[in-house]
There are 2 protein chains.
Amino acid sequence: LKKLNRNVDRITTITKKLAMDDPRRVIHSMKVGLALTLVSLFYYLQPLYDSFGDSGTWAVVTVVVLSEFTVGATLGKGLNRVMATLTAAGLTVGTHHLAILCNKVGEAVVIGLFVFIIGATSTFLRFFPIIKAQYDNGLLIFILTYSFITISGYRGETNIIETAHMRLSTIVIGALICLLINIFIFPVWAGEELHNSVALNMEKLAHFLEGLGALCVKLTKVEDNSKDENKSSSQAYKSVLNSKHMEEMLANLARWEPRHGHFMYRHPWNQYIKLGGLTRQCAYKIDSLNAYFNHDGEISQSFEEEMREACTKISLESSKTLKELGSCLRAMTYPSSLVNAHILRSKEAMESLKTYIKSTSLNSDDQLLQMVPIVTIAFLLIDIVDYTEKIAASS
Amino acid sequence: LKKLNRNVDRITTITKKLAMDDPRRVIHSMKVGLALTLVSLFYYLQPLYDSFGDSGTWAVVTVVVLSEFTVGATLGKGLNRVMATLTAAGLTVGTHHLAILCNKVGEAVVIGLFVFIIGATSTFLRFFPIIKAQYDNGLLIFILTYSFITISGYRGETNIIETAHMRLSTIVIGALICLLINIFIFPVWAGEELHNSVALNMEKLAHFLEGLGALCVKLTKVEDNSKDENKSSSQAYKSVLNSKHMEEMLANLARWEPRHGHFMYRHPWNQYIKLGGLTRQCAYKIDSLNAYFNHDGEISQSFEEEMREACTKISLESSKTLKELGSCLRAMTYPSSLVNAHILRSKEAMESLKTYIKSTSLNSDDQLLQMVPIVTIAFLLIDIVDYTEKIAASS
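Please read all numbers here as calculations on a predicted model, not as lab measurements.

Trainee: Can you help me understand the overall build of chain A in this one?
Mentor: When helices and strands are tallied, chain A shows 16 helices and 0 strands. When the 395 residues of chain A are sorted by exposure, 54% land in the buried category. Partitioning the contacts of chain A with sequence separation of at least 6, the portion at a separation of at least 24 is 80%. Carbon together with sulfur atoms contributes 61% to the accessible area of chain A, which is approximately 18,300 Å² in total.

Pasting the structure below:
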């Protein structure tokens, strides 16, 4: 009993966390429930039932399948579904005109052959990367509808054209219910998600660099609690490393979305992919930077101080650049002159660091090993400055 | 017309490439066509049609939806589908016993309420990460079937239990057709895919390090053609950086698969995720390593030679370690003593490199800047040696 209690407690905690982290999840669930209840009116209201009959079930199926989290996903799936049903219906009619020319056995052979060929071809088409990204669902529905109507049409008890017409109209109605609810009740736009996620990733990196700047101040006297702090912010930037799949998916969905908020239809989503890619490159650098804080050694006082100062300055300025870029992106403005100022200052710091490293001579033989990590950190910071500049240029 | 010709040419090229890269794609398409033709027998053969009637269409739908590339995906989806239909049918019967207690309007209200609550709850459940990974499809089918049967049951013209029974049996038959074709005709196992992909990723890194070793020999005299070569192999390791999503998906699918080949049911797939993660970490290091080949400068002859030799040795030995590990993984044997020998030798090289760097003193002030990249390369190689050791330990 105690075990059960503990399990219930754990599930409650997870549920609360899921709901708190993103309350839109709860709203989305409600929306699906609402759409289902609405579509069931097809059965409850006599006049609706009279005109659609059992075809109403197709509206139910459509609502369930199209109830996606983002507007882009619902729209994309819906358009795919409608287009696929239309094409499939057209092809079915063609197939039957051909099949009817033969006798009953010949008809079965012709239908079987066509189902095989069209099924196999469409399945192969789904392997094309471009098609997979945007029309995968549509092809699935196409195969489904085509074989469904063609095969059941063999028995000829139902009128193919009427069946196709019924299915299409109920699908369109189901899709409309889904879309209206999804667009007008607390919509979740894939484009906005992508926009926010790219900006957030920049801010995550900025936050890490900020923490790094603070860390540089006490480079060799790293205390335990600051290490923990660094850990939690390093956790944040790590999610940037694997953001590629998410961003590409969101961009594909966003392409379906109409104009909304500040975003136009055909907003340059590819630009986000590019920005996201550069941010990720920057995150890789930061990842390798992070590794060098494990090395520690003794370095001559003056060298350490100079390096520390320069590194602090560079990382703080880069952090500010990224933060500013993130908020410019959020506000959809061109990078402000503030960004350029930060880049300029970080470049200055970088140049002076370079000159300093060039002019340094070693005093004792033992130092090279201890110095290299710091110089590497400096180099990586320089690379990061480069990337922030690139990100700024593509914003 | 010329433009059309060119487009046709391009499509033909892409198609050929897709088919050549992985002939299993063509076979898979054929298999789907075959499954569809088989399932259409439900309509062609009189005795089958007599017993199933129009329920045969559900078998068609099931076949289309379950025709996935890997056995794991088909099995997982199939089990999800059958379980979901069963649970949904059970719940539907319960709902109707409750709804029948009220009058006709009350019945509609009760059904609407239940559809709302169960639809919303199941949709929310789909946000749980564990459920999303393995049971997402099942929940979708559950919502679909539940609302489908419950809502259409309101009209009471069809017997609910009979409908549920019919649907379930046709779904099971469709799923069986799909599974048999998927398992017995050139099966594609998700587990094997995962296994090969992890091993291949190791080999990609090994290949890169091998190229690096060759590159180190002519560290400062990088010629254009060798840079191109390096580019193509760097392209290969770059795919490792973003392999996380693929590997996790394959592992989720592999969990559904029964014993096959050398793989048992409940094969330690998590181990692959771990190995893949370490390989990816190693790839990050290699990625940052790659950046240092752009810096070039002049270094004292003896220092350069010494470093070059050590780096070559380390990268070649690491490469051999990774290659050996990859082939051990492929053969599913424990890492051989050869691996340990390579690790030992790379560690030796690493130690001697460390001592050499420690003992080096700088002659002129200008050198530090030029030396640091090389020392960093050495450090990164040392890290890579560490990772290869970790990978070896978890194999």
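Picking up where we left off.
Trainee: Looking at this structure, how should I read the packing of aromatic side chains?
Mentor: The geometry of an aromatic ring pair comes down to the distance between the two centres and the angle between the two planes. Taken as a whole, this structure holds 10 aromatic pairs over all chains when the rule is applied. For the ring pair Phe127 of chain A and Phe69 of chain B, a centre distance of 5.4 Å and an interplane angle of 75° mean the geometry is edge-to-face. Taken as a pair, Phe127 of chain A in the loop between α7 (104–125) and α8 (129–153) and Phe69 of chain B in the loop between α5 (56–66) and α6 (71–99) lie in two separate chains rather than in one. Judged by its relative accessible area of 19%, Phe69 of chain B is buried. Aromatic pair Phe124 of chain B and Phe128 of chain B: ring centres 6.1 Å apart, planes at 85°, arrangement edge-to-face. Here Phe124 of chain B matches Phe128 of chain B in class, with each residue buried.

Trainee: Before we go on, may I ask you to explain a nonpolar patch on the surface in this structure?
Mentor: Residue and element names in this part refer to chain A. Together, Leu34, Leu38, Leu41, Leu45, Val172, Leu176, Leu180, Phe184, Ile185 and Phe186 make up a nonpolar patch on the protein surface, roughly 880 Å² of accessible area in all. For the nonpolar patch, the elements supplying multiple residues, two or more each, are α2 (24–39) and α9 (160–184). Ranked by residue count, the leading element in the nonpolar patch is α9, at 4 residues. Secondary-structure assignment places Ile185 in the loop between α9 and α10 (190–217). On the basis of relative accessible area, Ile185 is assigned to the partly exposed category, the value being 31%.

Trainee: Explain the nonpolar core here, please?
Mentor: Generally speaking, a soluble globular protein has its nonpolar side chains buried in company with each other. Core analysis: the largest hydrophobic core is formed by 80 residues, its most contacted members being Leu36, Val39 and Phe142 of chain A together with Leu36, Val39 and Phe142 of chain B. With near-sequence residues (within four places) excluded, Leu36 of chain B lies in contact with Val115, Gly119, Ile143, Ser147 and Ile151 of chain A together with Val60, Val63 and Val64 of chain B. Of all hydrophobic cores here, the second largest spans 53 residues; its members include Ala190 of chain A together with Ala206, Val240 and Tyr284 of chain B.

Trainee: Before we go on, may I ask you to explain unusual backbone geometry in this structure?
Mentor: Glycine aside, the phi torsion of most residues is negative, and most peptide linkages are trans. Notably, Phe186 of chain A is not glycine yet its phi reads approximately 40°, a positive angle. Its place among the elements puts Phe186 of chain A in the loop between α9 and α10.

Trainee: Any chance you could explain helix α5 (residues 56–66) of chain A here in plain terms?
Mentor: Residues spaced three or four apart along an α-helix face the same direction, because each turn holds 3.6 residues. With respect to burial, α5 of chain A is a largely interior element, 11 of its 11 residues being buried. Listed in full, the buried residues belonging to α5 of chain A are Gly56, Thr57, Trp58, Ala59, Val60, Val61, Thr62, Val63, Val64, Val65 and Leu66 of chain A.

Trainee: How do you make sense of the environment of Thr70 of chain A when you look at a structure like this?
Mentor: Residue and element names in this part refer to chain A. Looking at where Thr70 falls in the secondary structure, it is placed in the loop between α5 and α6 (71–99). Judged by its relative accessible area of 6%, Thr70 falls in the buried class. A sequence separation of 40 residues divides Thr70 from Val110, and the C-alpha atoms of the two residues are 42 Å apart. In this view, Thr70 contacts Asn182, Val188, Ala190 and Leu253; residues no more than four positions away in its chain are not counted.

Trainee: I'm lost on the side chain of Lys31 of chain A in this one. Help?
Mentor: Topologically, Lys31 of chain A is positioned in helix α2. The buried charged residue Lys31 of chain A lacks any salt bridge partner; its closest oppositely charged side chain belongs to Asp22 of chain A, at an N-O distance of 11 Å.

Trainee: Can you walk me through the packing of α2 of chain A against α5 of chain A in this structure?
Mentor: Helix-helix packing: each pair is described by the crossing angle between the helix axes and the interaxial distance. Residue and element names in this part refer to chain A. The contact between α2 and α5 brings their axes to 10 Å, and the two run at 170°. Of the possible angle classes, the one that applies to α2 and α5 is roughly antiparallel. Facing α2, whose interface residues are Ala35, Leu36 and Val39, α5 presents Ala59, Val60, Val63 and Val64. Its residues assigned to classes, the contact of α2 with α5 shows 7 nonpolar, no polar and no charged.

Calculation notes
Residues numbered from 1 in each chain as written. Chains lettered and ligands numbered in written order. Predicted model: local features only at pLDDT ≥ 70, side-chain atom pairs only at ≥ 80, totals over all residues. Heavy atoms only, no water. Helix = DSSP H or I, 4+ residues; strand = E, 2+ residues; numbered from the N terminus. Buried < 20%, exposed > 50% of the residue type's maximum accessible area, 1.4 Å probe, protein only. Contact = heavy atoms within 4.5 Å. Areas by Shrake-Rupley, 256 points an atom, 1.4 Å probe, with all protein chains shown as cover. Phe/Tyr/Trp six-rings, centres within 6.5 Å; stacked < 30°, edge-to-face > 60°. Patch = residues over 30% accessible without salt bridge, like charges linked within 9 Å, V, L, I, M, F, W, Y side chains within 5 Å. Salt bridge = Lys/Arg side-chain N within 4 Å of Asp/Glu carboxyl O. Core = buried A, V, L, I, M, F, W, Y, C linked by side-chain atoms within 4.5 Å. Lys, Arg positive; Asp, Glu negative; His and termini not counted. Axes fitted to C-alpha atoms, helices over the stretch in contact; angles between N-to-C directions. Parallel < 35°, antiparallel > 145°, perpendicular 65-115°, else oblique. Nonpolar A, V, L, I, M, F, W, Y, C, P; charged D, E, K, R; others polar.

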